[in-house]
Amino acid sequence: MTGPLFDATLLPLRRARAAALGSDYFLHERAFVDCLDRLALVARTFSSGLIYGSALPGWVEGLHAAGIGHVTAIEPGDDTPPPAMPDLCLSIGALDTAEDLPGLLTALRHILAPGALFLGAFAGGDSLPALRTAMMAADQAEGGASAHVHPRIDPPSFAALLANAGFVAPVVDVDRVSLRYSSLDALVRDLRGMAATNRLLARPRRPVLRRGLAAARAAFSAAAVNGRTTEIVEIIHFAAWTPDDANSQPSLTNY
């Protein structure tokens, strides 16, 4: 890594805009419910939990209902000390925008108790192909190229990162969600409502021009069937365990 990839100042601004628009984190909620279902299949109990990344309303209560008595939520870069070696860590929608994902995974592994469960989900793989095609059409119409969509990690690569960070028995699978939209603008509204628009430092700093926007809308509509274009979001789900040996507890401040 030669420098920061993401603009850390944008996340609270994106969340504030989402709240003003009437936020709807429906993909995050889908992932959370799926994680609770997976947790229910684990034949053991957990005494304390850590949510790494944003905890939406009801998530802490959901973990309490799953039998985890003490739950702490920590945002990326938060200097709040994590609980003393929790035996469960849940992370939804945060790992795909980590600046140093291998380092973050190693830090998370070290703050967890021996034999702890780490599970969660994030957007990865081939997410948003229709949007990527539309923005390529916009760039071609305007005679340039810009970074419009976040880079994504594929499931095999993430499984390898978990193993390299010291987790054991990693399992990674994909929930492939199909969404149908009447227009490109409807897709963008949903992304804004989830605070999921472009946070790259190399993002364009001016709006797409009229010619580019028309080309993007046309490309998106060209893929429509019965008036609606299918967009795909690949939600990567994962689960892994910390080894049954002594851990240390470094800070998460830098992640």
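Side note on the sheet that holds strand β5 (residues 168-181)
Item 1. Strand order in the open sheet formed by six strands is β2-β1-β3-β4-β6-β5, with mixed pairing between adjacent strands. This sheet does not close on itself; its edge strands, each paired only once, are β2 (70-74) and β5. Neighbouring strand axes in the sheet, compared pairwise and without regard to direction, differ in orientation by 15° on average.
Item 2. Inspection of the sheet shows strand β1 (residues 48-52) paired to β2 by five bridges, in the parallel sense. Residue pairing across strands places G49 opposite V71, the latter belonging to β2.
Item 3. Contacts from helix α4 (residues 101-111) reach β1, β3 (88-92) and β4 (117-124) within the one sheet, and its direction differs from that of β1 by about 165°.
Item 4. Where helix α6 (residues 155-164) meets the sheet, it contacts β4, β5 and β6 (229-241), and its direction lies at approximately 150° from that of β5.

Details of helix α8 (residues 210-222)
Item 1. Spanning 13 residues, α8 covers 18 Å between terminal C-alpha atoms, matching the ideal 18 Å at 1.5 Å per step.
Item 2. Among the residues of α8, those classed as buried are G212, A216 and F220. Angularly, the buried residues of α8 cover 70° about the axis, an arc narrow enough to put them on a single face. Turned more than 90 degrees off the buried face of α8, the exposed positions are R210, R211 and A222.
Item 3. Looking at the buried side of α8, the elements it contacts are α5 (129-142), β5, α7 (184-193) and β6.

Things to note about the pairing of β6
Item 1. The buried fraction of β6 amounts to ten of the 13 residues, a majority that puts the element mostly inside the structure.
Item 2. Relative to β6, β4 is paired through eight bridges, and the arrangement is antiparallel. Pairing of L117 across the sheet is with W241, part of β6.
Item 3. As paired strands, β5 and β6 are joined by twelve bridges and run antiparallel to one another. Counterpart to Y181 in the pairing with β6 is T229.

Remarks on the pattern of salt bridges
Item 1. Taken as a whole and assessed by the stated rule, the structure comprises ten salt bridges.
Item 2. With a closest N to O distance of 3.4 Å, R206 and E142 form a salt bridge. One end of the pair, R206, is in the loop between α7 and α8; the other, E142, is in helix α5, and 64 residues separate them in sequence.
Item 3. Residue R206 is classed as partly exposed on the basis of its relative accessible area, which comes to 48%.
Item 4. Between D185 and R217 there is a salt bridge; the shortest N-O distance is 2.8 Å. Within this pair, whereas D185 is found in helix α7, its partner R217 is found in helix α8, the two being separated by 32 residues in sequence.
Item 5. Of the residues examined, D185 reaches a relative accessible area of 30% and is grouped as partly exposed.
Item 6. A relative accessible area of 36% means that R217 is categorised as partly exposed.
Item 7. Residues participating in the shared-partner salt-bridge network are D34, R38 and D173.

Criteria and thresholds
Residues numbered from 1 in each chain as written. Predicted model: local features only at pLDDT ≥ 70, side-chain atom pairs only at ≥ 80, totals over all residues. Heavy atoms only, no water. Pairing = 2+ DSSP bridges. Helix = DSSP H or I, 4+ residues; strand = E, 2+ residues; numbered from the N terminus. Axes fitted to C-alpha atoms, helices over the stretch in contact; angles between N-to-C directions. Contact = heavy atoms within 4.5 Å. Expected span 1.5 Å × (residues − 1). Buried < 20%, exposed > 50% of the residue type's maximum accessible area, 1.4 Å probe, protein only. Arc of directions from axis to C-beta. Salt bridge = Lys/Arg side-chain N within 4 Å of Asp/Glu carboxyl O.

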